[in-house]
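# Examining the three-dimensional arrangement
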Amino acid sequence: MAKKSELIIKPQEEYAYGHIIKALAGGLYPNKFHVVREYVQNAFDAVIDWKSAKNDKNIAITVSIQKPSIFIHDNGTGMDRHTLNEYRKVGFSKKIIGESVGFRGIGKLAGISVAKKLIVTSSPFGVAEKYTLEFDAESMLKEIDELKKKRANIPLSELIEKHTKLTSEDEEKDKHYTMVELHEIKSDSKILFDKNKLIDYISKNTPVPFDPAFTYAKDIEEDIRKFVNDYDCVDLTVDGQKVYKPFAADLKAPQFIPVPDAKDKKKYLAFCWYCEHKNKGQIKPGDISGLVYRYKNFAVGDNYLTRTTIWNNNAHLAFYFFGEIYIIDSRIVPTSQRDDFEQSAERDNFYKDAEVISNQLIVLAHDSSGVRRAKEYVNKGVEVITSVNADLKKKEPSLKDLGVQKIAKLVNVIDNIEKRKKNIPPDDRKTKNLAEQVVREAKKLLKEVEDVGKPDKTEFDIVKKLKLEPQAEQVYSTAVRTLKDYFVEEPEDLERVLKVFHQNLSKVFSKKTE
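Residues numbered from 1 in each chain as written. Predicted model: local features only at pLDDT ≥ 70, side-chain atom pairs only at ≥ 80, totals over all residues. Heavy atoms only, no water.

Evaluated as defined, the whole model comprises 25 salt bridges. Arginine 225 is the salt-bridge partner of glutamate 221, the closest N and O atoms lying 3.9 Å from each other. Of the two residues, glutamate 221 and arginine 225 are both situated in helix α7 (residues 217-227); the distance of 4 residues between them amounts to about one turn of the helix. Overall, the relative accessible area of 22% leaves glutamate 221 in the partly exposed class. One salt bridge connects arginine 347 with aspartate 348, and the closest N-O pair in it is separated by 3.2 Å. The class for arginine 347 is buried, based on a relative accessible area of 14%. One continuous salt-bridge network, built from bridges that share partners, spans Lys116, Glu138 and Glu184. (Salt bridge = Lys/Arg side-chain N within 4 Å of Asp/Glu carboxyl O. Helix = DSSP H or I, 4+ residues; strand = E, 2+ residues; numbered from the N terminus. Buried < 20%, exposed > 50% of the residue type's maximum accessible area, 1.4 Å probe, protein only.)

A few words now on the side chain of histidine 163. Examined against the element boundaries, histidine 163 turns out to sit in helix α5 (residues 156-163). If we ignore the near neighbours within four places in the chain, the residues touching histidine 163 are Glu134, Phe135, Asp136, Ser139, Met140 and Glu143. (Contact = heavy atoms within 4.5 Å.)

Attention now goes to the pairing of strand β4 (residues 129-135). Within β4, 5 of the 7 residues are buried, leaving the element largely enclosed by the surrounding structure. Here strand β3 (residues 115-123) runs beside β4; their pairing, made up of 5 bridges, is antiparallel. Bridge assignment links threonine 121 to a residue of β4, and that residue is threonine 132. Linkage of β3 to β4, two consecutive antiparallel strands, is achieved through a turn of 5 residues, within which glycine 126 is found at a positive phi near 90°. Sheet analysis places β4 next to strand β5 (residues 164-170), joined by 7 bridges and oriented antiparallel. Bridge pairing in β5 places phenylalanine 135 opposite threonine 164. (Pairing = 2+ DSSP bridges.)

The set of residues buried in helix α6 (residues 195-205) consists of Leu198, Ile199, Tyr201, Ile202, Ser203, Lys204 and Asn205. For α6, the elements touching its buried residues are α2 (33-54), β1 (60-66), β7 (235-238), β8 (241-242), β11 (290-295) and β12 (298-300). Near the N-terminus of α6, the side chain that reaches the backbone nitrogen of asparagine 196, with its oxygen 3.2 Å away, is that of aspartate 194. (Polar contact = N/O pair within 3.5 Å; in protein donor to acceptor, adjacent residues only side chain to side chain.)

Going from lysine 67 to proline 68, the amide bond is cis rather than trans, its omega being 10°. At the junction of lysine 284 and proline 285, the peptide bond is cis and its omega measures out at -5° in the coordinates. Within the secondary structure, proline 285 is located in the loop between β10 (264-276) and β11. Located in the positive-phi region is asparagine 55, a residue other than glycine, with phi close to 55°. Residue position: asparagine 55 is located in the loop between α2 and β1. At aspartate 239, a residue that is not glycine, the phi angle is positive and equals roughly 50°. Look at aspartate 239 and you get partly exposed, because its relative accessible area is 35%.

In this section: the side chain of serine 203. Tracing the chain through its elements places serine 203 in helix α6. For serine 203, a relative accessible area of 7% translates into the label buried. A polar side-chain atom of serine 203 sits 2.7 Å from the main-chain carbonyl oxygen of aspartate 200.

Where strands meet in a sheet, backbone hydrogen bonds hold them as pairs that are either parallel or antiparallel. Taken in spatial order, the 8 strands of this open sheet run β5-β4-β3-β6-β2-β1-β7-β8, and their pairing is mixed. Each end of this open sheet is capped by a strand with a single partner; those strands are β5 and β8. Against the sheet, α5 touches β4 and β5, its axis set at about 40° to β5. Most of the contacts of α6 go to β7, to which it runs at about 165°, and overall it touches β1, β7 and β8. (Axes fitted to C-alpha atoms, helices over the stretch in contact; angles between N-to-C directions.)

Residue placement: tyrosine 326 occurs in strand β13 (residues 321-327). Residue tyrosine 326 is classed as buried on the basis of its relative accessible area of 1%. The spatial distance from the C-alpha of tyrosine 326 to the C-alpha of alanine 270 is 5.4 Å, given a sequence separation of 56 residues. If we skip the residues at most four places from it in the chain, tyrosine 326 touches Phe210, Ile224, Val228, Tyr231, Lys245, Leu269, Ala270, Phe271, Trp273, Arg294 and Asn297. Side chain to side chain, tyrosine 326 and lysine 245 meet in a polar contact 3.0 Å long.

Here is the structure:
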């Protein structure tokens, strides 16, 4: 019997090489602002840990632009020498999935994609030292490129050991913080110096507070906390300017939709809050309309991700609303780029169960559209009645020629309101009463206009005077109707033309009878 072959692993054999750093620096963060988000994530984990451990609510994250560099500072737990030394390990993290925002151990090196150096300085509470770890990204990447030209590779551990250094200095014992310096931003990443764009990105993607100017902020946050146990936010400033989540204008009061697990109704997968647009059409500006997924209060994807994952039809109606969907189920995990959730059975089940949100909003949007249309027709009816009343009061001879138009308008008013008055909410007595009043007035005016629109006595008299034969009378009536249609917008011109027409007819028929 043949012996089983065994794979012998040499203790010093290398399984990862330096080109991993090249991949990290190149394609993982096409959106440069994602890099800042990665460090805000780590800072958020640190300040929340500090808040939980010390019951200290005085936590904050600051981002400052000091050309040619950018700094991200937090007053969280800080790191000791051993922990900061582990910062060098790619893909290494002690964070637990579902408990922390970041947990892959990759995002901490995001800075090498936008800066020539990544410098991390940290001091833990109770230790009279601060530690600084410096990654020389520029020299690291340069060595990788030079080796590639020679078809050579360098082990990842050797590359990192060669181009990083860890130092320490004295620090006050009660200090606790971490500061990340993206030292000397590269030329292809200068967009990070645009303060307005940086604030806009941070406001939409990180766990900053709701804007105090947002009328419903307090109510929304209270309800989020009832369902989302790990919900939290942190004060964050960019160059001293406090950043808040953006909000839309002209919104109705917030409503809430918990998303239960279809397999276990006692559990919730997510929690949604939303506000409907008060006005007709989609919410503007478009980049803040719709719903956005949130995981640990960090955005996952944008407003189009919810639109493409839980709206199977009428997707355009998604932007008639403004709100967020907070993930509660820890099995639903964002991708490393946070542009979606990792593919899994849990994610797919969630997307299906979350259709309860879009289904409710579609019904609501259609109902609201019906209410708006009903009110529009009532208001239009008021305008028509006012216009007809004004014409009737003029008592001009030309009014009879507009009778058909007025009748059509009044019939439409009555028909449209009767069809849609059921859409007016029962508690909106003002609109209901107005609708009934408009219909009554329209019916009354309809009779008056019909009386005015009866055949003109002048037309009747000339037919009788000229003793027109039935066929001639039909030709005459057709000619008059044609003229009325042609001069529908110029009643005075019509009156003059008819007068001349009648005179000429009289002359012609007078000659025939002579």
